[in-house]
Structures are given as C-alpha cells and as structure tokens.
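So the chains spell out like this:
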Amino acid sequence: MTGDLAQRIVKIRQQLPESVRLIAVTKQVSVDAMREAYAAGVRDFGESRTPEAELKQAELQDLPDITWHLIGHLQSNKARKALELFQWIHSVDSLKLAQRLNQLANELSLSPQVCLQVKILPDPNKYGWSVPELLADLPALNQCYNLQIQGLMTIPPFALKPPEIRSVFESTSELADKIGQQNWLNIQMQQLSMGMSDDYPLAVEAGATMVRLGRIIFGQRNP
Ligand SMILES: *Cc1c(COP(=O)(O)O)cnc(C)c1O
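So, how was this worked out
Residues numbered from 1 in each chain as written. Predicted model: local features only at pLDDT ≥ 70, side-chain atom pairs only at ≥ 80, totals over all residues. Heavy atoms only, no water. Helix = DSSP H or I, 4+ residues; strand = E, 2+ residues; numbered from the N terminus. UniProt positions renumbered as here; feature names shortened; annotations may be inferred. Contact = heavy atoms within 4.5 Å. Buried < 20%, exposed > 50% of the residue type's maximum accessible area, 1.4 Å probe, protein only. Arc of directions from axis to C-beta. Near = heavy atom within 4 Å. Polar contact = N/O pair within 3.5 Å; in protein donor to acceptor, adjacent residues only side chain to side chain. Nonpolar A, V, L, I, M, F, W, Y, C, P; charged D, E, K, R; others polar.

Participant: Can you walk me through unusual backbone geometry in this structure?
Facilitator: Across residues other than glycine, the phi torsion is negative in most instances, and most of the peptide bonds are trans. In this structure, Gln28 is a non-glycine residue whose phi angle is positive, near 65 degrees. Within the element layout of this structure, Gln28 appears in the loop between β1 (21-25) and α2 (31-39). The phi dihedral of Ala159 is positive, around 70 degrees, even though this residue is not glycine. Mapped onto the secondary structure, Ala159 falls in the loop between β7 (148-153) and α7 (162-181).

Printed below as a string of structure tokens:
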C-alpha cells in the first residue's frame, strides 16, 4: 500500500465532516510515507512512543507546521521529553500523570493541550480512568493550571460489536457533556478524541472531533 496514499487521504477527508480533525497515526510508519501524507495535506501526526517521535521529528525538521499528538501511554520518566515533543497529549490517563505533566509544564513554561483518557467499560488491557474515578478526580484536575484540558479520549475494548462500540462512543460524548455542564474553570470538554481505522464512522456519528487513523491510511503495521 503506497502510491495511492494521497488518494486514500483525500477520500477519508471527504467522508469526514470538516470540523473533525484527522490525526494520521504514524507509529511504525516511515518518514517517507509521512512526507507523502504531509504533501496530501496532513498536518496532524499521532505517535505512541516518545523515542520514535523524537527520531522522526529530527528527520522532518524541514516541515515546520506539523502538530504532534501523543496517543500512547506515557511513563512518568518520559513526561518531560513528551512535553518537549508534543503539542497535544491525548493519553493523560491518571491524576498522577496529569499532576506530573502540570508541574513539568510549569517548569518548561509550556501549556500543552490534553485529553483525559477514559474507559467507559472495564478493560484490563488499557490505561485510563473509569467513569467514577474520573468524576472523583475532577477537582484535582481542575487545579492543573498549566494543562489545557480540552476533552476526553477513549478506545473501546477490543472485539466489541458495532452496536457496543457505538454505545461506548455515545457514553463518552454524554460524559463530556455532563462534565462540561459542571462549568469547571480549567476543564474544557469541547474535544472528543475517538475513532480508529475500524470504527471511526461510528465515532464521528457520536460526536468525535478528532479521529486517530493509522492502518486505513498507511496499511497494516507489523505485528
Ligand atoms: C495505533 C493507534 C491508533 C490507530 O489505529 P489504527 O487501527 O491503525 O487506525 C489510534 N489510537 C491509538 C491510541 C493507537 O494506539
């Protein structure tokens, strides 16, 4: 799958409402393919790991107007590096990590945009807050003044059927509305980062504002 990469991007873009941000997920994708995506108009790239992102950013320095999104779990010891590399962190998945990022952002004079990763259904394979845990942590998150908390991110558990996936996305959207209505000073709920190659149409129908697409653009990754 190369060559028609640009066509695939154009086609996906046409299917998406204009307000939905397309994030091209480029873990394990070559910088050459990333350049092709850039040439086709992509300006938002999502990476799962800071070391890989750092190498790629060094190689793509001549493309100045890229927004970099971290979408994978962030270990505390990589938090500083992540703040240097990424303008968006979708995968803030615990209060401890949020507070660490907040402290480092203060030191670095940065104010990163972040999403809070939530698990609507129990999922031992994923990081993130359960709904009750997240609601309980909101007062402390509201004190993270150096973070621009923009909304929620979710990944449905593996192997759900479409109606169940749809329900996860709808619940995430309803949760964002509920939190938004609480009028926190420092917590915005305008963004919903949800939807991957296999399920993004469902996510968009449920109100996603950012979709994170890898395989449908770049082809299958190595297992
Ligand atoms: C890999 C990944 C994606 C992209 O998945 P595809 O199925 O390749 O579209 C999206 N979000 C996260 C968090 C990922 O790790």
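Next comes the rest of the account.
Participant: Hey, could you run me through the UniProt feature "modified residue: N6-(pyridoxal phosphate)lysine" (unreviewed entry) in the protein in this one?
Facilitator: The feature "modified residue: N6-(pyridoxal phosphate)lysine" (unreviewed entry), as given by UniProt, occupies Lys27 in the numbering adopted here. Note on placement: Lys27 falls in the loop between β1 and α2. Leaving out residues up to four positions away in the same chain, Lys27 has contacts with Gly46, Glu47, Ser48, Glu52, Lys56 and Arg221.

Participant: How do you make sense of the side chain of Asp44 when you look at a structure like this?
Facilitator: Take Asp44: it is sitting in strand β2 (residues 44-47). Contact partners of Asp44, with chain neighbours within four places excluded, come to Arg21, Leu22, Ile23, Ala24, Thr67 and His69.

Participant: Is there a simple way to think about the UniProt feature "domain: Alanine racemase N-terminal" (unreviewed entry) in the protein in this case?
Facilitator: Using the residue numbers shown here, the UniProt feature "domain: Alanine racemase N-terminal" (unreviewed entry) corresponds to residues 5-221. Between the end C-alpha atoms of residues 5-221 the distance is 15 Å, and the span holds 42% helix and 20% strand.

Participant: Before we go on, may I ask you to explain helix α6 (residues 131-141) in this structure?
Facilitator: An α-helical turn contains 3.6 residues, so a residue and the one three or four places further along point in the same direction. Within α6 the residues assigned to the buried category are Leu134, Asp137, Leu138 and Leu141. Buried residues of α6, seen end-on, are gathered within an arc of 140 degrees and therefore sit on one face of the element. Away from its buried face, by an angle of more than 90 degrees, α6 presents the exposed residues Pro132 and Ala136. In the core, the buried residues of α6 are packed alongside α5 (95-108), β5 (113-119), β6 (129-130), β7, α7 and β8 (187-193).

Participant: Explanation requested: the site of the ligand in the structure shown.
Facilitator: Residues in close proximity to the ligand include Val25, Lys27, Ser48, Ile71, Ile155, Met196, Ser197, Arg212, Leu213, Gly214, Arg215 and Arg221, which together make up its full environment. Taking Arg212, its side chain carries an N or O atom lying 2.9 Å from a nitrogen atom of the ligand. In this structure, an oxygen atom belonging to the ligand sits 2.8 Å away from a main-chain N or O atom of Gly214. The residue inventory of the shell around the ligand, partitioned by class, reads five nonpolar, three polar and four charged.

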